[in-house]
Amino acid sequence: MSEDEEGPAAAPAEKAVRSQRLFVNRLDSYGGRNIAEHLSKCVVGASLEEVEEEEEEDDENKSISAENIIGKAKEGTFQIVGTLSTAESEIPNFALETYFNLSRESLQTHLLECDVIIYNINENAEQIEESVWAVSALHSMMDHFVNRKTFILLSTVMTWARTKPFDPDDPEIPFTEEDYRRRKAHPNFIDHLNAEKTVIKLGKTNKQKFSTYVVAAGLTYGAEGGILHSYFKNAWLGEIPALPIFGEGTNIIPTIHILDLAGVLQNIADHRPRTHYLIAVDDSLHTLGEIVKCISKNAGSGKVQKFPKENAFLSKDLTQASLDHLLVNLRMEAVFLKENFNIRWVAQAGLVESIGKIFKEYKKKRGLLPIKICIVGPPAVGKSTIAEALCQHYKLHHIQIKDVISEAIAKLELTVAPRPEVEQDEQEEAEEEEEDNIEDAQELLDGVKENMEQNAGRLDDNFLIRFMKEKLKSMPCQNQGYVLDGFPKTYDQAKDLFNNEEEEEEEEIRSHLPPFDKLIMPDYVIALDASDEFLKERVMNLPESIVAGTHYSQDRFLRTLNLFRDINTEDETVLNYFDELEIHPQHIDVGKFEDLQNRYVIKQLIKDIGEPRNYGLTDEEKAELQRKAAEARLAKEAAAEAERERKEALEKAEKIARWEEWNKQLEEVKREEQELLEAQSIPLRNYLMKNVMPTLLQGLNECCKVRPDDPVDFLDSAIHLQPELDFCF
């Protein structure tokens, strides 16, 4: 049987018999997870047939849920098994089996059970050694294979990074698969190159039993991550003024969407082509500068800034391997893919042309959804306090009328301001992309200033609505969301602000709702209220420093409060507008709670709105919280230690005082006992001195004179003569 007959011709018959077991290493990595999940929904051999209704089938593939993946596998999809990098990693719901920390013997057993083995060393360089061992182990056992096995090494175009062009005078000629023997690797990817050579070599021994392939993939992007994730994240957060371009940004980066790469692997598993080295890149020839500018424009402020290449190594978000991919300069063309494979491309033209779809996919995968809130209510009800708390908790943008006006005027003044000649060349491209030219900006600025002069510093609704609409449509508000504080105030303002001028009449006829702009329409409308007495008392209790220069002064506050009540007694109020759009306001009477800071209201709103839909705390914020927690813990421990020492010192002092008091009392008792004893012994002493001692002394004197042999007998005889002595003895 020829090699061609063993290839594509054999696959359809095999598909009808059984599904295939497919191994992917590191299922918990970005590439492994997305590739394996895509393949788990693919029917074995499906890429061998042309699909006419691609869009419908794509929708069907997307609708496959986690619950029926296993059932679908019985109908011929790839059955996914693979390893995990850590024991704590979440087990993918599309995987039939997962392994962690296996011995080489156990891993070999599981590999022998699989029909297709994919080893990804593109983002997991530490897997190179294991991949080389795996292909060698399978090669040594191929005589015992029951079915033909396919081994695919997913490598990187960085093994081509130092390849010299065919014609130095024409460096724009791209490299193709036919040139793979000339490839020269980047110094940091020599091990990748050696692994590629080993895999290709071992696949030439017995192609009917064991086929090996190497896929040199471009920089992968799409879904929730990839090397470009840090750029998407920084643009979305808007915490840095401009996205960095390292170097001149003119280097061409070969790229491919992660799902398109999965499609390439699917085609290899189905077709088993005779070519054993394939390049997996899209049709784009985008430079680093074009990619970064595109991300910044569609996900952030639109600004970029060039930095020396050396500054790239100071980035905390990019690894050495990531920087190598971003700084590579290669022209590559995947000729074999175009001519032989059936790939349902997600982004064949590249990231720049598909940025809208890719950014939408990125936000969905990351759960990055804006939270849009509108808070209305009478003056002094606590709108700004609650808005600030919600903005801090959810990382939203606080939209206040005065700030929007100031920002818009400042932007117009900056636009019309003359630029230094030195900066003109650098800003030429940015100036061309401005929506309003300098003349239009100057005309608008003059109109705004004139209107404010005529209205004592206030703006007419037409200017106010325009500035507010631009603010709500700005990228930060579209990315994270906003809290609209106290605006709109009337039905007409709400209608003009949220009305979609581009809405077609057919949409209005088809829908029972009035046309509105979904991009800026709030998701939550919070209507705060309280009695006039409550509001007046709250304002009266405010410190003078807060009241001075604000509308909380007595006369201005009463006028503002009366105006609010008058506006909201009509049939057409701002709340009626939202009700008509079935965005029903949440009414809260803050007067029921004796809480000037509205802590209970804020807590209830956070509970109703739910969890934040953003990245959460940054590393710096986490470090700051940890630092504060550590300081609080140390302060608490120090206070506890000081309190313990204070108590010990107090107890010691009390103990010493009690001891001294006890000794003092003991001495007093001894003295009293001594005095009592002495007092009680006086009568006896007097008796003895008077009646006994003279006789006793006389007897002793006599005893001394006589010196009897037995003084005791002598004295005993004397006792009978002296009764007093008898009493004493």
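Scroll up to find the structure.
Report on the accompanying structure.

Calculation rules
Residues numbered from 1 in each chain as written. Predicted model: local features only at pLDDT ≥ 70, side-chain atom pairs only at ≥ 80, totals over all residues. Heavy atoms only, no water. Buried < 20%, exposed > 50% of the residue type's maximum accessible area, 1.4 Å probe, protein only. Helix = DSSP H or I, 4+ residues; strand = E, 2+ residues; numbered from the N terminus. Pairing = 2+ DSSP bridges. Axes fitted to C-alpha atoms, helices over the stretch in contact; angles between N-to-C directions. Contact = heavy atoms within 4.5 Å. Parallel < 35°, antiparallel > 145°, perpendicular 65-115°, else oblique. Left-handed = near helix turned anticlockwise from the far one by under 90°. Nonpolar A, V, L, I, M, F, W, Y, C, P; charged D, E, K, R; others polar. Disulfide = S-S within 2.5 Å. Polar contact = N/O pair within 3.5 Å; in protein donor to acceptor, adjacent residues only side chain to side chain. Phe/Tyr/Trp six-rings, centres within 6.5 Å; stacked < 30°, edge-to-face > 60°. Lys NZ or Arg CZ within 6 Å of the ring centre and 35° of its normal. Patch = residues over 30% accessible without salt bridge, like charges linked within 9 Å, V, L, I, M, F, W, Y side chains within 5 Å. Areas by Shrake-Rupley, 256 points an atom, 1.4 Å probe, with all protein chains shown as cover. Salt bridge = Lys/Arg side-chain N within 4 Å of Asp/Glu carboxyl O.

1. A closer look at the pairing of strand S9 (residues 243-246)
Note on strand geometry: in a regular strand, side chains alternate between the two faces of the sheet.
For step 1, the next point in the chain: Of the two faces of S9, both are covered, the one formed by Leu243 and Ile245 as well as the one formed by Pro244 and Phe246.
For step 2, the next point in the chain: Judged from the 4 bridges that link them, S9 and strand S12 (residues 304-307) form a sheet pairing that is parallel. Residue pairing in the sheet places proline 244 in a bridge with glutamine 305 of S12.

2. Section: the sheet that holds strand S16 (residues 524-529)
For step 1, the next point in the chain: Strand order across the open sheet formed by 5 strands is S14-S15-S13-S16-S17, with parallel pairing between neighbours. The outermost strands of the open sheet, each flanked by one partner alone, are strand S14 (397-399) and strand S17 (586-589). Averaged over all pairs of adjacent strands, the angle between their axes in this sheet comes to 20°, without regard to strand direction.
For step 2, the next point in the chain: Summarising the sheet, S14 and strand S15 (residues 481-485) pair through 3 bridges and their orientation is parallel. Directly across from isoleucine 399, in S15, lies its bridge partner leucine 484.
For step 3, the next point in the chain: Packed on one face of the sheet, helix H15 (residues 383-394) meets strand S13 (371-376), S14, S15 and S16 and runs near 170° to S13.

3. Section: the side chain of threonine 83
For step 1, the next point in the chain: Here threonine 83 lies in strand S2 (residues 79-83).
For step 2, the next point in the chain: For threonine 83, a relative accessible area of 8% puts it in the buried group.
For step 3, the next point in the chain: With near-sequence residues (within four places) excluded, threonine 83 lies in contact with Phe23, Val24, Asn25, Arg26, Leu27, Tyr99 and Leu107.

4. Concerning the packing of helix H16 (residues 401-416) against helix H18 (residues 438-454)
For step 1, the next point in the chain: Relative orientation of the contacting elements H16 and H18 amounts to 140°, with a least axis distance of 9 Å. Classified by the interaxial angle, the pair formed by H16 and H18 is oblique. Seen from above, H16 lies across H18 with left-handed handedness. Only Ile438, Ala441, Gln442, Leu444, Leu445, Val448, Lys449 and Met452 of H18 make contact with H16, whose side of the interface consists of Ile409, Leu412, Glu413, Thr415 and Val416.
For step 2, the next point in the chain: Among the residues making up the contact of H16 with H18, the classes are represented as 9 nonpolar, 2 polar and 2 charged.

5. What to know about the state of the cysteines
For step 1, the next point in the chain: Taken as a whole, this structure holds 0 disulfides when the rule is applied.
For step 2, the next point in the chain: Note on cysteine 704: no disulfide assigned, nearest cysteine sulfur contributed by cysteine 703 at a separation of 5.9 Å.
For step 3, the next point in the chain: Residue classification places cysteine 704 among the exposed positions, given a relative accessible area of 54%.

6. Remarks on the side chain of threonine 156
For step 1, the next point in the chain: Structurally, threonine 156 can be placed in strand S5 (residues 149-156).
For step 2, the next point in the chain: By relative accessible area, threonine 156 is classed as buried at 0%.
For step 3, the next point in the chain: From its side chain, threonine 156 meets the backbone nitrogen of methionine 158 in a polar contact 3.1 Å long.
For step 4, the next point in the chain: Those residues in contact with threonine 156 that lie beyond four places of it in its chain are Asn122, Phe189, His192, Glu196, Val215, Ala216, Ala217 and His325.

7. Structural notes on the packing of aromatic side chains
For step 1, the next point in the chain: Scanning the entire structure with this criterion turns up 17 aromatic pairs.
For step 2, the next point in the chain: Measuring from ring centre to ring centre gives 6.0 Å for phenylalanine 145 and phenylalanine 210, while their planes differ by 75°; the resulting arrangement is edge-to-face. Of this pair, phenylalanine 145 sits in the loop between helix H7 (128-140) and S5 while phenylalanine 210 sits in strand S6 (residues 210-217), and the two are 65 residues apart along the sequence.
For step 3, the next point in the chain: Take phenylalanine 145: its relative accessible area is 5%, and that puts it in the buried class.
For step 4, the next point in the chain: Judged by centre distance (5.8 Å) and plane angle (45°), the ring pair of tryptophan 160 and phenylalanine 175 falls under tilted. Of this pair, tryptophan 160 sits in the loop between S5 and helix H8 (190-202) while phenylalanine 175 is found in the loop between S5 and H8, placing the two residues 15 residues apart along the sequence.
For step 5, the next point in the chain: Residue classification places tryptophan 160 among the buried residues on the basis of a relative accessible area of 0%.
For step 6, the next point in the chain: Accessibility expressed as a relative area gives 5% for phenylalanine 175, which makes it buried.
For step 7, the next point in the chain: Directly above the aromatic system of phenylalanine 145 lies the positively charged group of lysine 149, at a separation of 5.3 Å from the ring centroid.
For step 8, the next point in the chain: Lying over the aromatic face of phenylalanine 166, arginine 182 brings its terminal NZ or CZ to 4.2 Å of the ring centre.

8. Considering the packing of helix H23 (residues 532-540) against helix H25 (residues 554-567)
The angle between the axes and the distance between the axes are what describe a pair of packed helices.
For step 1, the next point in the chain: The N-to-C vectors of H23 and H25 enclose an angle of 155°; their axes lie 12 Å apart at closest approach. As summarised for this structure, H23 and H25 are arranged roughly antiparallel, according to the angle between their axes. Crossing of H23 over H25 shows right-handed handedness. Residues Asp532, Leu535, Lys536 and Val539 of H23 form the contact with H25, whose participating residues are Phe557, Leu558, Leu561 and Arg565.
For step 2, the next point in the chain: When its residues are assigned to classes, the contact of H23 with H25 shows 5 nonpolar, no polar and 3 charged.

9. Observations regarding a nonpolar patch on the surface
For step 1, the next point in the chain: A cluster of nonpolar side chains, Met689, Met693, Leu697 and Leu700, forms an exposed patch at the surface whose accessible area comes to about 360 Å².
For step 2, the next point in the chain: As for its placement among the helices and strands, leucine 697 is situated in helix H28 (residues 619-706).
For step 3, the next point in the chain: The class of leucine 697 is partly exposed, set by a relative accessible area of 46%.

10. What to know about the pattern of salt bridges
For step 1, the next point in the chain: Per the counting criterion, the structure on display carries 21 salt bridges.
For step 2, the next point in the chain: Of the charged contacts, one joins arginine 565 and aspartate 532 as a salt bridge, the two residues approaching to 2.8 Å between their closest N and O atoms. On the criterion of sequence distance, the pair formed by arginine 565 in helix H25 and aspartate 532 in helix H23 is long-range, its members being 33 residues apart.
For step 3, the next point in the chain: The partner of arginine 627 in a salt bridge is glutamate 631, with the nearest N and O atoms 2.4 Å apart.

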